[in-house]
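Residue-level structure breakdown
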Amino acid sequence: MRLSLDRSRALPFLTDRDALDGAVLDAHGKVLTGGTRSPEMLGWRQMLLEPDDALIESVQNVASEIRERADVLVCVGIGGSYLGAEAVNQALAPYFGADSPEVIFAGHHLSPAYHEQLLAYLEGKSVYVNVISKSGTTLEPAMAFRFLRRFLEERFDDADRRVIATTDKSSGVLRGLADEKGYRTYVVPDDVGGRFSVLTPVGLLPIAAAGHDIRSLFYGAVGAARGLTDAGADHPALAYAGDRFAFHEAGYSVELMSVMEAKLRGLGYWWQQLYGESEGKEGKGLFPVTLQYTTDLHSVGQYVQEGKRLFVESFLRLDDEKAGLTLDEEPDNPDQLNDLAGTPYGAANKAAWEGTAEAHREGDVPSWTWTLPRIDADALGEAIYTFEHAVAVSGTMLGVDPFNQPGVEAYKKKMFRLLGRD
Ligand SMILES: O=P(O)(O)OC[C@H]1O[C@H](O)[C@H](O)[C@@H](O)[C@@H]1O
């Protein structure tokens, strides 16, 4: 395992934590053997234990076609139908000057300006669209796709070939439309919930189309899934799950996922949905919020240090101590930075993490630190599975169903009523 977990700033806040290990292993056993609530939704693990190489190859082939023919791939989806792909693409792409095709997301909110300006931006470009909706009925992507479909149909003779639909195998409006138009399709398996679906074609196609190695991503997760099969209570995923439960029971209410590398911001947002939808029900759960440091230390850092005591914190950092530009001596020291000569950016970033974790500990914010050895597809696959498994365990410990999200319907019902839809 290359992703490591440091609990040294978490454990001192917990009394008799070892006594929970039996309950952690019990919940873990349920995840392994189908003893959780909604056991029919454990496909996200099973698909890694029985890898479908032909599916990965098929996705790679379609992605190659997109890379050859498209200037832009628009991925239409919301929640679990976009957050994973955005997280991985953001983590793996260079900050500036990424390869074509450009991968853009749409239908992930209802901004009028965004969708109008997107169509204007696409004018004159070779466009492909990957519309992704497990249910095939979600309003945000459905609206965006209507406009994008028309855009393609009005401009390209091969419009239907430029659409790839990722949806349920048989139900939902999108499935009907795809069958009628003859779109190429990928299936979101019944036993994989949206927020657990990044390693299905939901995430794999947008990631492969951006030029990233989905086989390494997938197999990084396979390694993590296999590694958990006979894991002990000190395995990072299980230790984290147990600690989170302990903090929850001790009255903490918010978990911050504080990323120390801006490229991991998307992973924080992906984690936020995974944990929020899996645990936040029946009046329970730690509220997950992702922050990006040091940027957010200059905004909400004050509150975390001294505001209402609500927080536990997960730092997510890269082992980047020696990385980046290094300050050197400058004659006359005009900017007063010569005392830091020899300091690379990574060393400053590491000091920021360590200093923040220490300050927060003194401010009664317990923390874990997750350290990634590097950012590549394989390490991200491992991290993705580790966080998935941990939330299945911690949700099971809480007694909730980690695989449903009944509360999300509430806003939709009110919104539809306001739109005159029943
Ligand atoms: O893929 P879809 O069916 O369009 O669902 C997209 C999203 O919709 C809702 O917000 C659900 O709570 C999410 O779990 C899901 O990821």
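Quick caveat: nothing in here was measured; it's all calculated off a predicted structure.

**Here we look at the nonpolar core**
If you look at the biggest cluster of nonpolar residues, it comprises 111 residues, and the most contacted ones within it are Cys75, Val76, Val129, Ala241 and Val393. It is helix α14 (residues 377-398) that provides the largest number of residues to this core, a total of 12 residues. Two domains each donate at least three residues to this core, and these are domain 1 (4-35 + 232-398) and domain 2 (44-212).

**Comments concerning the UniProt feature "active site" (unreviewed entry) in the protein chain**
Taken from the UniProt record, the annotation "active site" (unreviewed entry) applies to Glu277 and Lys412. Within the element layout of this structure, Glu277 appears in helix α11 (residues 265-279). With 25 C-beta atoms packed within 10 Å, Glu277 lands in the buried category. Aside from chain neighbours lying at most four places away, what touches Glu277 is Arg195 and Gln405.

**Quick look at the sheet that holds strand β3 (residues 102-106)**
Taken in spatial order, the 5 strands line up as β3-β2-β4-β5-β6 in an open sheet, and their pairing is parallel. Of all strands in the sheet, those bounded by a partner on one side alone are β3 and β6 (184-187). Strand-to-strand twist in this sheet, taken as the mean axis angle between neighbours without regard to direction, amounts to 20 degrees. With 4 bridges connecting them, strand β5 (residues 163-167) and β6 associate as parallel partners. Paired with Thr167 across the two strands is Val187, which belongs to β6.

**Details of the sheet that holds strand β7 (residues 254-259)**
Adjacent strands of a sheet pair through backbone hydrogen bonds, lying either parallel or antiparallel. If you trace the 5 strands from one edge of the open sheet to the other, you get β1-β10-β9-β7-β8, paired in mixed fashion. Two strands in the sheet have a free side with no partner beyond their single neighbour: β1 (4-9) and β8 (287-292). Neighbour-to-neighbour, the strand axes of this sheet turn through a mean angle of 20 degrees, independent of strand direction. Both strand β9 (residues 311-318) and strand β10 (residues 367-372) contribute to a ladder of 6 bridges, which runs parallel. Its bridge partner being in β10, Leu316 is matched across the sheet by Trp370. Relative to β1, helix α10 (residues 236-249) is tilted by about 35 degrees, and along the sheet it contacts β1, β7, β9 and β10.

**A look at the domain arrangement of the protein chain**
As assigned here, the protein chain comprises domain 1 (4-35 + 232-398) and domain 2 (44-212). Here the C-alpha centre of domain 2 lies 30 Å away from the C-alpha centre of domain 1. Each partner contributes residues to the interface: domain 1 has 16 residues there, and domain 2 has 17 residues. At the level of secondary structure, the elements contributing two or more residues to the side of domain 1 that touches domain 2 comprise α11 and α14. Ranked by residues supplied to the side of domain 1 that touches domain 2, first place goes to α11 with 8 residues. The residue makeup of the side of domain 1 that touches domain 2, split by class, is 10 nonpolar, 2 polar and 4 charged.

**What about the pairing of β5?**
For β5, the tally of buried residues reaches 5 of 5 residues, placing the bulk of the element in the interior. Residues Val163, Ala165 and Thr167 of β5 are buried on one face, and the alternating residues Ile164 and Thr166, pointing to the opposite face, are buried as well. Pairing between strand β4 (residues 127-133) and β5: 5 bridges, direction parallel. Pairing of Val131 across the sheet is with Ala165, part of β5. Taking the sense of rotation as the criterion, the β-α-β connection linking β4, helix α6 (residues 139-155) and β5 turns out right-handed. In this fold, β5 hands off to helix α7 (residues 173-181), which returns the chain to β6; that crossover is right-handed.

Definitions and limits used
- Residues numbered from 1 in each chain as written.
- Predicted model: local features only at pLDDT ≥ 70, side-chain atom pairs only at ≥ 80, totals over all residues.
- Core = buried A, V, L, I, M, F, W, Y, C linked by C-beta atoms within 7 Å.
- Buried ≥ 20, exposed ≤ 12 C-beta atoms within 10 Å, placed from the backbone.
- Helix = DSSP H or I, 4+ residues; strand = E, 2+ residues; numbered from the N terminus.
- Domains from an automatic or database assignment.
- UniProt positions renumbered as here; feature names shortened; annotations may be inferred.
- Contact = placed C-beta atoms within 7 Å.
- Pairing = 2+ DSSP bridges.
- Axes fitted to C-alpha atoms, helices over the stretch in contact; angles between N-to-C directions.
- Nonpolar A, V, L, I, M, F, W, Y, C, P; charged D, E, K, R; others polar.
- Right-handed = clockwise from strand over helix to strand, strands pointing away.

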